[in-house]
Amino acid sequence: MIYTVTLNPAVDYVVQVENFEQDTINRSKSDYKEAGGKGINVSRVLDRFGGTSTALGFVGGFTGKFITDYLTEVNIPHNFVSLEEDTRINVKLKSGSEETEVNGKSPLISEQAYNQFIEKLQGLSQGDMVVLAGSLPSSLPQNTYQTLTTMLNKQGISVILDTSGAALKEAIKAGPAFIKPNNHELADLFGEEVNTDEDIIMLAKRLHQENKIDHVLVSMAKEGAIYVGASGVFKLSAPVGKAINSVGAGDSAVAGFIYKWQETKNAEESAKYAVASGSATAFSKTLCTKEEAENLLKEVEITKL
Ligand SMILES: Nc1ncnc2c1ncn2[C@@H]1O[C@H](COP(=O)(O)OP(=O)(O)O)[C@@H](O)[C@H]1O
Ligand SMILES: O=P(O)(O)OC[C@H]1O[C@](O)(COP(=O)(O)O)[C@@H](O)[C@@H]1O
């Protein structure tokens, strides 16, 4: 069974304006709200692909209810711990080809709420897979993903991790099975400049060899991705198209990898499916469908390096 964990979910408020201007009133051309946050997006894409997962984490208030109501409506199993404060709202502002994001402040996670969450994780079974994704709420320590990864690994559960900053830096010490930093997050992780494919490969190899991470997929938006794992190093090109809304592209890539990996245990095919899924989401208003992702598969070129 696959579980996704979103410790800091969000209602994504996507606003399109004609031509954003600072210091004045802008009127939106269109706006809509989505149940977001990285783990939730992974669950949503897996569901669209025909896979099943249960969404875990914390939700609170009317925004939290918006998320759980949505997941219930589309039949995605969920089992969140309830918080007193509202789940955050993340603003995604689109103006022409520009995408500006303001991600909200996290609600407080009380010790009691955290313990309830841990109890849920302790109830998972050997052989399950857990996706830990997104930023950490500010009330949790920066080594939270490291602690969770160690705990889950001891339970015989493999961990897929998609986060950034200090949370990522700490978590890689516990050796998750899969990580998907983007090129900027990779540079940030090592405090080094990443300008070329060679730079990316060198750092991804360190993560694979020194941190014992089985699969390292470094995404690079319209430049595609680089995969490093036991089966080798692969460069994958992204299909060319018009980016409409890239929110959730990274999460779709994670979901795409998991979905194909479950089916084939083939890293090359899984990485290809990941890139097609990410691009299909970037080219659509919301998260991709299976058909949209599979239509792009033939456009992903994969080169063994
Ligand atoms: N403008 C784009 N054109 C084509 N594909 C894209 C574009 N933006 C994102 N993607 C696809 O989505 C994947 C993840 O995007 P990326 O922006 O690197 O992740 P994140 O959202 O985590 O920063 C990429 O590997 C690529 O396949
Ligand atoms: O937890 P973070 O890092 O603030 O990210 C949350 C945001 O990321 C998203 O999950 C989208 O992530 P990606 O574009 O990286 O796939 C949004 O739904 C959400 O608003």
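Residues numbered from 1 in each chain as written. Chains lettered and ligands numbered in written order. Predicted model: local features only at pLDDT ≥ 70, side-chain atom pairs only at ≥ 80, totals over all residues.

A. Structural context of the overall build of the protein chain. Helix and strand content of the protein chain: ten helices and 14 strands. The C-alpha atoms of the protein chain give a radius of gyration of 18 Å, which matches the 19 Å a tight globule of 305 residues would have. With respect to the principal axes defined by its C-alpha atoms, the protein chain has extents near 50 × 45 × 40 Å. Going through the 305 residues of the protein chain one by one, you find that 46% of them count as buried. (Helix = DSSP H or I, 4+ residues; strand = E, 2+ residues; numbered from the N terminus. Rg over C-alpha atoms; globule rule 2.2 N^0.38 Å. Buried ≥ 20, exposed ≤ 12 C-beta atoms within 10 Å, placed from the backbone.)

B. Main features of the sheet that holds strand 2 (residues 10-17). Reading across the sheet, the four strands line up as 3-2-6-7 and stay open at both edges, with mixed pairing between neighbours. Whereas interior strands pair on both sides, the edge strands pair on one side only; in this sheet they are strand 3 (28-36) and strand 7 (98-102). On average, adjacent strands in this sheet sit at an angle of 20° to one another, irrespective of strand direction. Relative to strand 7, strand 6 (residues 88-95) runs antiparallel, the two being bridged by five bridges. Residue pairing for strand 7: valine 91 is matched across the bridge by valine 102. The sheet contacts of helix 2 (residues 61-73) involve strand 2, strand 3 and strand 6, and relative to strand 3 the element is tilted by about 75°. (Pairing = 2+ DSSP bridges. Axes fitted to C-alpha atoms, helices over the stretch in contact; angles between N-to-C directions. Contact = placed C-beta atoms within 7 Å.)

C. Here's a closer look at the site of ligand 2. With respect to spatial proximity, 16 residues lie near ligand 2, and among them Gly36, Asn90, Gly134, Ser135 and Gly250 are the closest. For the shell around ligand 2, the elements supplying multiple residues, two or more each, are strand 2, helix 1 (38-48) and helix 8 (249-264). In terms of residue count, the dominant contributor to the shell around ligand 2 is helix 8 (three residues). (Near = placed C-beta within 6 Å.)

D. The arrangement of the nonpolar core in detail. With 82 residues, the main nonpolar core has Val130, Leu132, Ala225, Val254, Phe257, Ala271 and Val275 as its most contacted residues. Not counting residues within four places of it along the chain, the set of residues in contact with valine 254 comprises Val42, Val131, Ala133, Ile160, Asp162 and Lys180. (Core = buried A, V, L, I, M, F, W, Y, C linked by C-beta atoms within 7 Å.)

E. Examining the site of ligand 1 more closely. Taken together, 17 residues are adjacent to ligand 1, and Ser219, Ala249, Gly250, Gly278 and Ser279 come closest. Looking at the shell around ligand 1, the elements with two or more residues in it are helix 8 and helix 9 (267-282). Among the elements that line the shell around ligand 1, the one with the most residues is helix 9, at four residues. A per-class count over the shell around ligand 1 returns nine nonpolar, seven polar and one charged. (Nonpolar A, V, L, I, M, F, W, Y, C, P; charged D, E, K, R; others polar.)

F. Seen up close, unusual backbone geometry. A positive phi is found at asparagine 75, a non-glycine position, where the angle reads about 65°. Relative to the helices and strands, asparagine 75 is located in the loop between helix 2 and strand 5 (78-83).

G. The packing of helix 1 against helix 8, seen in detail. Between helix 1 and helix 8, the shortest axis-to-axis distance is 8 Å and the interhelical angle comes to 50°. Relative to helix 8, the element helix 1 is oriented oblique. Our pair here, helix 1 against helix 8, has a crossing hand that is right-handed. Contact residues: helix 1 offers Lys38, Asn41, Val42, Val45 and Leu46, while helix 8 offers Asp251, Ser252, Val254, Ala255, Ile258 and Tyr259. Within the contact of helix 1 with helix 8, the residues separate by chemical class into seven nonpolar, two polar and two charged. (Parallel < 35°, antiparallel > 145°, perpendicular 65-115°, else oblique. Left-handed = near helix turned anticlockwise from the far one by under 90°.)

H. Structural view of the sheet that holds strand 5. Strand order in the open sheet formed by ten strands is 5-4-1-8-9-10-11-12-13-14, and the pairing between neighbours is mixed. The open sheet has two edge strands, strand 5 and strand 14 (302-304), and neither has a second partner. The pairing of strand 9 (residues 158-162) with strand 10 (residues 178-179) spans two bridges and is parallel. The residue of strand 10 that forms the bridge with isoleucine 160 is phenylalanine 178. Packed onto the sheet, helix 1 meets strand 1 (2-6), strand 4 (53-60), strand 8 (129-133) and strand 9 and runs at close to 145° relative to strand 1.

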